[in-house]
Every structure is written in C-alpha cells, then in structure tokens.
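Structural characterization, general
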Amino acid sequence: MTESINNVHKDLFINGEWINTADYKDLINPATGKVIAKIAQADETQVEDAIQAAYDAFQPWKSLELKDRTQYLHNIADLLEEHADRLAEIMTIEQGKSIKESKLEVIAGAESFRWNAEEARRLYGETIPAPNDHKYEIAYEPVGVVGAITPWNFPSGMITRKIAPALAAGNTVVLKPSSDTPLSALAIFELFEQAELPKGVANIVMGSSKEIGEAMTSSKLVKKITFTGSTPIGKALYAQSADTLKKMSLELGGHAPFIINADADIDAAVEGLMAAKFRNNGQVCIAPNRIFVHKSIKDNVLKQLTEKVEALKVGNGLNEDTNVGPLIREDAIDKIKKQIINATDKGATLVTGGHRLTGDEYDNGFFFQPTILDNVNRTMDIFYEETFGPVIPIITFDTLEEVIEMANDSEFGLASYAYAKDSKTIQTIATSLEYGMVGINEVAISNPETPFGGVKHSGFGRENSHLGIKEYVTAKFINTKFL
Ligand SMILES: NC(=O)C1=CN([C@@H]2O[C@H](COP(=O)(O)OP(=O)(O)OC[C@H]3O[C@@H](n4cnc5c(N)ncnc54)[C@H](OP(=O)(O)O)[C@@H]3O)[C@@H](O)[C@H]2O)C=CC1
Ligand SMILES: O=C(O)CCCC(=O)O
C-alpha cells in the first residue's frame, strides 16, 4: 500500500471533527483486486448529526460577507492545485483511471472552486417594472442544507462541481461519496479542514447508501438533493423526495450517439471518438456509445479506428504509459461481456477485443480489451443499454433523417456528438438531437463555464456555468409598497 493511501483519513467528517465508527468496510483497488483500506460506515445517528451540523452552520455561513465566503473557495482551489499529485495518486489507486486523467480532474476541480467563487459575486437580483409607489425585486437566496450523492467514475470532479457552487451560493453540505471511491472525497475534506472552512459547512458520511439516501430525502432540514449516478437510483431518490418536496438536480445515465456524416473530416472524427470513448475507459456518462457512420466512409473509419484501438496500452493507471486502466468492479466486466455476447449472437461482428485481460501483467484487476463491434443494429441490447466500458459499436446509416431518428431512439438524452462540414447539415443535426448537450466537430463539452446536464431519463438540472450555481438558490420576490 502506498503512503498516500495510508495517510488519508478513513473516518467521517462531521462538524469539523473526524469521527470514527463501529463498522469499517474494505475498499478494493480495481487494478489489483486487493483491499487497500478500511472505510468508516456511519450509523443512523451519525448521519443525523451530519445533517444537523450542516443545518446549524447554514445561517452563519450564509451571512458571511461575500468576499470572506468566496475567499475560502479560492483558498481551497489553491490547496487542490498544491496537492494535485497526491490527490491524483489516491484517485488512480482507488478508481483505476490513468494518473494523467486523475491529475487533470483534480485541476479541473480547483478551476470549479475558482469559477464558482467568482460567479457567486455575480448572483445579481433583478428589478421588475412596477407602479410608482411599489418596488418589485427578485433576490437570489441559498436553499439551505444540500445533500450530495456522488458516483465513482469521477471521484473528485463530481464532488467539486457540486460542493463549489453550493458553498459559493451560501449553502452548507452533507456529502455521501460512492463506496467504491471514498478516499478521493476524504482527501478533499482534509483540504477543507486545512482551509479552516467553518465547522459544519461541509460534512462527509460513508455507509449504507440506501440508509443515507433515505435519511437525506426524508429530512426536513435538507432542502436540496444533488445526485449523479444511475437512472434507477436517481428515480428512487426523486420519488423518496416527494414527501418533503425537495429541490433536486439529477445527472443520470447517458447513451451518447456519435454521428460521422459522409462529409466529415474523418481524421478529426476518429481522434475525437478515441478521446471521448476511452476517457476513463468508457466509464463516463457522456461517452459516445452508439457510433453512427455513413455507409460511404465506413471502411475508412473502421480501418483508422481499429489501428488506434489496437495501439491502446491497457494497464495499471499508475504506470505513465497506460492509456486505459481497469474497470471499476467485477460486475462491470460481466455487464460488458453480456452486451458483447448478445450483439454477436444477433449478427454483430467482433472487429477487435472482446475479452477480459488476465495473467501476471494484469494482477487480478478488472481489465478488459478495448473493443470494436461492427454491424450493430436495434435488435441488440447495446443499442439501448448504457455501456460504461471500452466498447465501440458501429451502426451504418444512409440518410440524415434516418440517423437523426436512430440517434434519438433512446430513453437517455445527455450528450450527443456529430462530425460534419456542411452548415445546413450541422444546423439540422444540432437542432434535431434530443439531448442536453451537442458537440459538433468537438468532444470537449464539459467546462466550468458551460452548462452540463440532460433531458429525458438522463435527468434534469444543470451543473457548471451560470445556470449551475442557480440550482443552489431560490428566487425570492419582494414587493415593497412605499407608504
Ligand atoms: N451518470 C453517471 O455519471 C453515472 C452512471 N452510472 C451508471 O450506473 C451503473 C451502475 O453504477 P453504480 O455505481 O451502481 O451507480 P449508482 O447509481 O448505484 O451509484 C451512484 C451513487 O449513488 C449511491 N446509491 C446507490 N444506491 C443508492 C440508494 N438506494 N440511495 C441513495 N444513494 C444510492 C451510490 O452509493 P454506493 O456506492 O455506496 O452504493 C453512489 O454514491 C453504471 O454501470 C452506469 O451505467 C454510474 C455512475 C455514474
Ligand atoms: O460521467 C459523468 O458522470 C460526468 C462526466 C464529467 C465530465 O465530463 O466532466
């Protein structure tokens, strides 16, 4: 075990104190299958304590002068950058992604703290035309205690993009990180402590996700739930929150179409596809999952793609030359194998990959070959089910109408991508795709400045951007009559 893992706290952080628990749960390194730490599991009272601490901290935090509140966020950003190497190593060991990607994620988190600190100073209210003896105003106010539940695929990024706008807008937070990747979250909380964030402003609890989710959704003190994860759990949390009528943001599953039109710049399209598909080994909600290629260019695209996919180096993310790390768990391998078998049974062609990687080099980790499937169609599960792994399914098309109809044939509506040159074609694609985000000749669609989120069963609410911080405030109308 490395020093970075040994040294990070494994306990709950409630009201500014590290709190131990009666129960500790094993944490596995997906690159080796070995236990790397034992993580505290909160009991019911401890979860209630965390909510109460956030509630008690809310009024003082909200009332801080803005420049003082946002200074904490700037200080946290500085600390994230200063400790980026350590945080990246922790992330790679518990999650598996390459160390380069981990470092970029930590740096992006620092950027998120900075951007939201700045944006909080621009949460301007509004004045509405009113009769002479009245003033109509809108004031944006923080919602209160925020319950945040985050996934394992971006163990740091999903936390920073929720906590930064929540705190910037004057809210306090209780975080429940994924039980697969709590150490990255705990390492961030150590930096909160180092930044002397006032007690109770940010609290973290690990433990039974069902129990913590129920405690958060049923609590009268928690005013908002922000969740990133699978669609079924997002729906369950939505239903559970009905009784207390919480404000919610749900960033759920995706099944992004990636259209390569006949007039596309093929080199750029293949490069974009490789970057977006193999980021975090395909375990990304905005990963391209259905690749629609015009039949006139299919052979050319497939040739270039196969060469690049076969050149990917799969291995432990800590090795500098690794492009693709392990999958998160054994069941992730099972899900991908099932999709591949279902597709090939129904006529898809396995172009490359398709198997688990085993042997000494792979050290009992959850490694899988980068895979291309050709001749995929709508009879196959992979056409409709989120993949979350390194599989590229190729579907050919003939006309623009046909590909738009197929691309929209999904319950999901998060990210979509298209490569084309003709401006009318681009306009038609951009306006017809039923997705929250459309990348045209570009796959970088996630920035602090731009809105991130979906439609349909991919959820609602936006993260990042001026819209993201608005998810953490309520609009209060003030009608003043001058007597
Ligand atoms: N949109 C996205 O970015 C993501 C999509 N997914 C999709 O979901 C699939 C399954 O991944 P998985 O990790 O199981 O995703 P989950 O939705 O199960 O987990 C996401 C978060 O929700 C928590 N959670 C799980 N069950 C509950 C519950 N009943 N109440 C409250 N919180 C809960 C998890 O906690 P704990 O880990 O402790 O169980 C974790 O913190 C993936 O294969 C992928 O298709 C997954 C992750 C992210
Ligand atoms: O997979 C997700 O849950 C979010 C993707 C994050 C990003 O692209 O910034």
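Bear in mind that the values here come from a model prediction, so they are computed numbers and not experimental data.

1. With respect to the site of ligand 1
By nearness alone, 26 residues border ligand 1, and T150, W152, S179, S230 and E386 come closest of all. Within the side chain of W152, an N or O atom sits 2.5 Å from an oxygen atom of ligand 1. Measuring from an oxygen atom of ligand 1, one finds a side-chain N or O atom of S230 at 2.6 Å. Protein burial of ligand 1: of its 860 Å² of free accessible surface, 85% is covered by the chains. At the level of secondary structure, the elements contributing two or more residues to the shell around ligand 1 comprise α8 (209–218), β10 (222–228) and α9 (231–240).

2. Structural notes on the nonpolar core
Core analysis: the largest hydrophobic core is formed by 78 residues, its most contacted members being L80, F113, I163, L183, F189 and F192. Per element, the largest residue contribution to this core is 8 residues, and it comes from helix α7 (residues 182–194). Excluding residues that lie within four positions of it along the chain, F192 makes contacts with I76, F113, I163, L197 and A202. The next biggest cluster of nonpolar side chains, apart from the first, holds 42 residues, and it includes L273, A287, V443 and F452.

3. Regarding the packing of aromatic side chains
Summed over all chains, the structure comprises 13 aromatic pairs. Centre to centre, the rings of Y136 and F477 are 5.5 Å apart; their planes meet at 70°, and the pair counts as edge-to-face. With Y136 in strand β6 (residues 134–142) and F477 in strand β24 (residues 473–481), this pair connects stretches of sequence that are 341 residues apart. Arranged with centres 5.5 Å apart and planes meeting at 85°, the rings of W152 and F388 form a pair that is edge-to-face. Note that W152 is positioned in the loop between β7 (145–149) and α6 (157–168) and F388 in the loop between α13 (381–384) and β18 (391–397), a separation of 236 residues in sequence. Considered together, W152 and F388 belong to a single accessibility category, that of buried residues. Aromatic rings pair up to connect F13, W18, F113, F189 and F192 into one cluster. K97 extends its terminal NZ or CZ atom over the ring of F154, reaching a point 4.0 Å from the ring centre. Above the ring of F383, the side-chain terminus of R290 is found at 5.2 Å from the ring centroid.

4. Looking at α8
Looking at α8, one finds that the buried residues are I212, G213, A215, M216 and T217. Tucked inside the fold, the buried residues of α8 contact α2 (44–63), β7, β8 (172–176), β10 and α9.

5. Here we look at the pairing of strand β11 (residues 247–251)
The buried count for β11 comes to 4 of 5 residues, which makes it a mostly enclosed element. Sheet analysis places β10 next to β11, joined by 5 bridges and oriented parallel. The partner of F227 across the bridge, within β11, is L250.

6. Some details on the sheet that holds β6
Strand order in the open sheet made by the 3 strands is β5-β6-β24, with antiparallel pairing throughout. Strands at the two margins of the open sheet, each flanked by one partner only, are β5 (126–128) and β24. Strand-to-strand twist of the sheet, defined as the mean angle between neighbouring strand axes without regard to direction, takes the value 25°. The sheet contact formed by β6 and β24 spans 9 bridges and is antiparallel. Residue A139 lies in a different strand from β24, and its bridge partner there is K476.

7. As for the pattern of salt bridges
Counted according to the given criterion, the structure contains 27 salt bridges. Between E81 and R114 there is a salt bridge, and its shortest N-O distance comes to 3.0 Å. Residue E81 is located in helix α3 (residues 66–82), and its partner R114 is located in helix α5 (residues 99–120); the two are separated by 33 residues in the primary sequence. The class for R114 is buried, based on a relative accessible area of 19%. Ionic pairing is found between E471 and K224, a salt bridge with its closest N-O pair at 3.8 Å. With E471 in the loop between α16 (465–470) and β24 and K224 in strand β10, this pair connects stretches of sequence that are 247 residues apart. For the residue pair E471 and K224, the accessibility class agrees, reading buried in each case.

Definitions and limits used
Residues numbered from 1 in each chain as written. Chains lettered and ligands numbered in written order. Predicted model: local features only at pLDDT ≥ 70, side-chain atom pairs only at ≥ 80, totals over all residues. Heavy atoms only, no water. Near = heavy atom within 4 Å. Polar contact = N/O pair within 3.5 Å; in protein donor to acceptor, adjacent residues only side chain to side chain. Areas by Shrake-Rupley, 256 points an atom, 1.4 Å probe, with all protein chains shown as cover. Helix = DSSP H or I, 4+ residues; strand = E, 2+ residues; numbered from the N terminus. Core = buried A, V, L, I, M, F, W, Y, C linked by side-chain atoms within 4.5 Å. Buried < 20%, exposed > 50% of the residue type's maximum accessible area, 1.4 Å probe, protein only. Contact = heavy atoms within 4.5 Å. Phe/Tyr/Trp six-rings, centres within 6.5 Å; stacked < 30°, edge-to-face > 60°. Lys NZ or Arg CZ within 6 Å of the ring centre and 35° of its normal. Pairing = 2+ DSSP bridges. Axes fitted to C-alpha atoms, helices over the stretch in contact; angles between N-to-C directions. Salt bridge = Lys/Arg side-chain N within 4 Å of Asp/Glu carboxyl O.

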